[in-house]
Amino acid sequence: LSSYGRLNPNKFPDDFLFGIASASYQIEGAWNLSGKGENIWDRYTHTHPELILNRTNGDIACNSYHRYEEDVALIKKLGVQFYRFSLSWTRILPIGFSSKINPDGIRYYNNLINLLMKNDIIPIITIFHWDTPQHLEELGGFTNALMANWFEDYARVVFENFGDRVKVWITFNEPKEICLKGYGGDEKAPGYNLSGTADYICAHNLMKAHARAYHLYDKQFRSKQNGQISIVMDTFWMEPATNLTWDKKAAERRLAFIFGWYAHPVYSSNGDYPDVMKKYVARRSKREGFKRSRLPNFTKEEVNYIKGTYDFLGLNHYSTVLTKNVLFEPIFGKPSVEKDSMTVTEYDPSWPNSKASWLKVVPWGFTKLLVWLKNAYGNVPIYITENGFADDGEIDDKDRINYHKLYLSALLDAMHKYKVNVKAYTIWSFMDDFEWRDGYMTRFGLYHVDFNDPGRNRTPKASAEYYRKVIAARKIDGID
Ligand code: GBH
């Protein structure tokens, strides 16, 4: 704390919303019960257990499918205004297509939504948080342009069934993670591991799918349902590693590659991918002998169709990296987005660590990112849809409290000193959960979950009480 100085003493405005988040595969369990179909995370964890720490999976997870009533009571105790959770596509549509709707899936989410509303907790729904139907993946998943049709059909089922009560929709959680790690790499399902091609193709189709769902809502549901719909993107803040101009440019360029890749087509006034990205991918593709750029082209119609498909900017932010310029690289091995960007990253060894190697505590990076967003995309309302800290799951989680204290202070700085239009803040996560490749070893929850207990007993951590106090006081200064 001392190196950071004083906490921002300001209050969060009266209409500012606080919440918590989760995702279906990470908490629900009941992977093959009540008519749910198989998704790519079921397949990935079952066929490649060696890829997951301790060979665990989400078969049971927190068992929220059976324990949602208790969960809502725990959420209520925090005093949050909203709960952000995701729908399991194959719980609703077992093979992904809207040809067959699973009534138990609809019933489960109806019960959850109704119970939240009864408790004055606003449901914020992520339509897709990484669990693609296995059937659709076998048809190519996000490498198949028809995914836009299938996603639109799924979105229609969801709006028709839940849109009378759900007023905030998120089409996709973190397209970058899906495409870069699931298609470019193999760190996430489906694990194509075709960097520099499949990742760009995935993003291209995914952004079209997002726009289709947005326009569907806009044209056919908005007038009677009166909700909002957008997308959630994640990024580190990219701090130049030195004061040299080329490192400063490299940091900007990396932000264009990692964040602008998705954000520019939606939020910028011209739409389309960032120019610097088009230029760099085309140039390197040519050097590699490709006939055309590995970055696909949007037609003019597509640019206009995707541009402006938002009602807010959903941001997941956890940490910061230092960015360095790469002067020249010979052509070797597989192409990749990182090679295309001609940047590399590193960490400042003085930054405090967490349990996750990628998550360092750098609150000022949060402020800088928010100010950058305001300058890049205007006064768009920003919802912080995730922010959180990883540890071993201790109940007296002082480091988590400290992280949120500092990041909330950095957020207040952005709002009060720099007038960034932030409307909501969300802690990842409601409770400890299945952390993808990290299994159950890395914990983000405000509630501890005992995964050795068949009942998956939940226990509030110190941070749950801290968050409750912050929300009640609507400030962080003087809260301990
Ligand atoms: C969130 O993504 C997810 O939405 C959520 O499901 C997940 O449980 C939560 O994080 C906690 O992990 O520098 O190459 O090591 C966070 C996105 C994940 C983006 C880690 C950066 C680091 C990649 N971040 N990633 S690397």
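Because the structure is predicted, anything quoted here is derived from the model rather than measured.

**So, helix 14 (residues 363–377)**
Here is step 1: Across its 15 residues, helix 14 extends 22 Å between first and last C-alpha, which sits within 8% of the 21 Å expected from 1.5 Å per residue.
Here is step 2: Directly beyond the C-terminal end of helix 14, a positive phi value near 80° is found at Gly378.

**Considerations on the nonpolar core**
One broad trend across soluble globular proteins is that nonpolar side chains are buried collectively.
Here is step 1: Counting 153 residues, the largest nonpolar core has Leu370 and Leu411 as its most contacted members.
Here is step 2: In terms of residue count, the dominant contributor to this core is helix 9 (residues 198–225) (13 residues).
Here is step 3: Residue contacts for Leu370: discarding those within four places in its chain leaves Leu315, Ile382, Ile384, Leu411, Ala414, Val420 and Val422.
Here is step 4: Ranked by size, the runner-up nonpolar core spans 8 residues in total, among them Phe82, Ile124, Val168 and Tyr383.

**Topic: the sheet that holds strand 5 (residues 228–234)**
What links the strands of a sheet is backbone hydrogen bonding, and the strands pair in either a parallel or an antiparallel sense.
Here is step 1: Taking strand neighbours around the barrel as the criterion, the 8 strands line up as 1-2-3-4-5-7-10-11 in a closed arrangement whose pairing is parallel. Neighbour-to-neighbour, the strand axes of the sheet open up by a mean angle of 25°, direction not taken into account.
Here is step 2: Looking at chain direction, strand 1 (residues 17–21) and strand 2 (residues 82–86) are connected through 3 bridges and run parallel. What sits directly across from Ala21, in strand 2, is Arg84.
Here is step 3: Packed on one face of the sheet, helix 10 (residues 245–267) meets strand 5 and strand 7 (313–316) and runs near 155° to strand 5.

**Some words on the state of the cysteines**
Here is step 1: Inspection of the entire model under this criterion finds 1 disulfide.
Here is step 2: Between Cys179 and Cys202 runs a disulfide, and the two sulfur atoms are separated by 2.1 Å. Residues Cys179 and Cys202 share a disulfide whose torsion about the S-S bond is about -65°; that sign makes it left-handed. Of the two residues, Cys179 sits in helix 8 (residues 175–184) while Cys202 sits in helix 9, which places them 23 residues apart along the sequence.
Here is step 3: For Cys179, a relative accessible area of 0% corresponds to the buried category.

**Quick notes on the UniProt feature "active site" (unreviewed entry) in the chain**
Here is step 1: With numbering matched to this structure, UniProt assigns "active site" (unreviewed entry) to Glu386.
Here is step 2: Topologically, Glu386 is positioned in strand 10 (residues 382–386).
Here is step 3: Aside from chain neighbours lying at most four places away, what touches Glu386 is Arg84, His129, Asn173, Glu174, Leu315, Asn316, His317, Tyr318, Thr426 and Trp428.
Here is step 4: In this structure the side chain of Glu386 is engaged in a polar contact, spanning 3.0 Å, whose partner is the side chain of Arg84.

**Brief notes about the pattern of salt bridges**
Here is step 1: According to the stated counting rule, one finds 35 salt bridges in the structure shown.
Here is step 2: In this structure, Arg156 and Glu152 form a salt bridge, with 3.9 Å as the shortest nitrogen-oxygen distance. A residue pair is termed a helical-turn pair when its members lie 3 or 4 positions apart in one helix, as Arg156 and Glu152 do in helix 7 (residues 147–162) at 4 residues.
Here is step 3: Here Arg156 falls in the partly exposed class, since its relative accessible area comes to 25%.
Here is step 4: The closest approach of N and O atoms between Glu152 and Arg212, which form a salt bridge, is 2.5 Å. Separated by 60 residues along the polypeptide, Glu152 in helix 7 and Arg212 in helix 9 bring together distant segments of the chain.
Here is step 5: Shared partners join several salt bridges into a network, and the residues in it are Lys176, Glu177, Lys181, Lys188 and Asp234.

**Let's talk about the sheet that holds strand 6 (residues 237–240)**
Here is step 1: If you trace the 3 strands from one edge of the open sheet to the other, you get 6-8-9, paired in mixed fashion. Edge strands, defined here as strands with exactly one partner in the open sheet, are strand 6 and strand 9 (343–346). On average, each strand axis in the sheet is inclined to that of its neighbour by 45°, with strand direction left out of account.
Here is step 2: Strand direction decides the pairing type here: strand 6 and strand 8 (residues 320–325), joined by 4 bridges, are parallel. Within the sheet, the bridge partner assigned to Glu239 lies in strand 8 and is Leu322.
Here is step 3: Across the face of the sheet, helix 10 comes into contact with strand 6, strand 8 and strand 9 while running at roughly 120° to strand 8.

**Describing a nonpolar patch on the surface**
Here is step 1: On the surface, Leu244, Trp246, Leu327 and Phe328 cluster together into a nonpolar patch covering about 490 Å² of accessible area.
Here is step 2: Judged by relative accessible area, which is 62%, Leu327 ranks as exposed.

**Examining the packing of aromatic side chains**
Here is step 1: Tallied over the full model, the rule gives 51 aromatic pairs.
Here is step 2: With a centroid separation of 6.1 Å and an interplanar angle of 85°, the aromatic rings of Trp89 and Phe128 are classed as edge-to-face. Of this pair, Trp89 sits in helix 4 (residues 89–92) while Phe128 sits in strand 3 (residues 122–128), and the two are 39 residues apart along the sequence.
Here is step 3: Counting every residue linked through ring pairs, the aromatic cluster contains Tyr25, Trp41, Tyr44, Trp130, Phe434, Trp436, Tyr440 and Phe451.
Here is step 4: The ring of Tyr108 carries Arg91 above its face, with NZ or CZ at 5.9 Å from the centroid.
Here is step 5: Sitting over the face of the ring of Tyr280, Arg283 holds its NZ or CZ atom 4.6 Å from the ring centroid.

**Describing the site of the ligand**
Here is step 1: Taken together, 17 residues lie around the ligand, and Gln26, His129, Glu174, Glu386 and Glu435 are the ones closest in.
Here is step 2: Relative to its free-state accessible area of 590 Å², the ligand is covered by the protein chains to the extent of 81%.
Here is step 3: Taken together, the residues that form the shell around the ligand break down as 7 nonpolar, 4 polar and 6 charged.

**What about the packing of helix 10 against helix 11 (residues 275–287)?**
Here is step 1: At a minimum axis distance of 9 Å, the contact between helix 10 and helix 11 shows a crossing angle of 100°. Considering the angle they form, helix 10 stands roughly perpendicular to helix 11. Contact residues: Arg253, Ala256, Phe257 and Trp261 in helix 10; Val276, Met277, Tyr280 and Val281 in helix 11.

**Brief notes about the pairing of strand 2**
Here is step 1: Within strand 2, 5 of the 5 residues are buried, leaving the element largely enclosed by the surrounding structure.
Here is step 2: Burial along strand 2 is two-sided: Phe82, Arg84 and Ser86 facing one way and Tyr83 and Phe85 facing the other are all buried.
Here is step 3: As judged from the 5 bridges shared by strand 2 and strand 3, these two strands associate in the parallel manner. Within the sheet, the bridge partner assigned to Phe82 lies in strand 3 and is Ile122.

**A few points about the side chain of Asp199**
Here is step 1: Here Asp199 shows up in helix 9.
Here is step 2: One buried charged residue, Asp199, remains without a salt bridge, the closest side chain of opposite sign being Arg294 at 6.4 Å.
Here is step 3: A distance of 3.1 Å separates a polar side-chain atom of Asp199 from the backbone nitrogen of Thr197.
Here is step 4: The contact partners of Asp199, leaving out residues within four places of it in the chain, are Cys179, Leu180, Tyr183, Gly184, Leu194, Trp261 and Val337.

Rules used in this analysis
- Residues numbered from 1 in each chain as written.
- Predicted model: local features only at pLDDT ≥ 70, side-chain atom pairs only at ≥ 80, totals over all residues.
- Heavy atoms only, no water.
- Helix = DSSP H or I, 4+ residues; strand = E, 2+ residues; numbered from the N terminus.
- Expected span 1.5 Å × (residues − 1).
- Core = buried A, V, L, I, M, F, W, Y, C linked by side-chain atoms within 4.5 Å.
- Buried < 20%, exposed > 50% of the residue type's maximum accessible area, 1.4 Å probe, protein only.
- Contact = heavy atoms within 4.5 Å.
- Pairing = 2+ DSSP bridges.
- Axes fitted to C-alpha atoms, helices over the stretch in contact; angles between N-to-C directions.
- Disulfide = S-S within 2.5 Å.
- UniProt positions renumbered as here; feature names shortened; annotations may be inferred.
- Polar contact = N/O pair within 3.5 Å; in protein donor to acceptor, adjacent residues only side chain to side chain.
- Salt bridge = Lys/Arg side-chain N within 4 Å of Asp/Glu carboxyl O.
- Patch = residues over 30% accessible without salt bridge, like charges linked within 9 Å, V, L, I, M, F, W, Y side chains within 5 Å.
- Areas by Shrake-Rupley, 256 points an atom, 1.4 Å probe, with all protein chains shown as cover.
- Phe/Tyr/Trp six-rings, centres within 6.5 Å; stacked < 30°, edge-to-face > 60°.
- Lys NZ or Arg CZ within 6 Å of the ring centre and 35° of its normal.
- Near = heavy atom within 4 Å.
- Nonpolar A, V, L, I, M, F, W, Y, C, P; charged D, E, K, R; others polar.
- Parallel < 35°, antiparallel > 145°, perpendicular 65-115°, else oblique.
- Lys, Arg positive; Asp, Glu negative; His and termini not counted.

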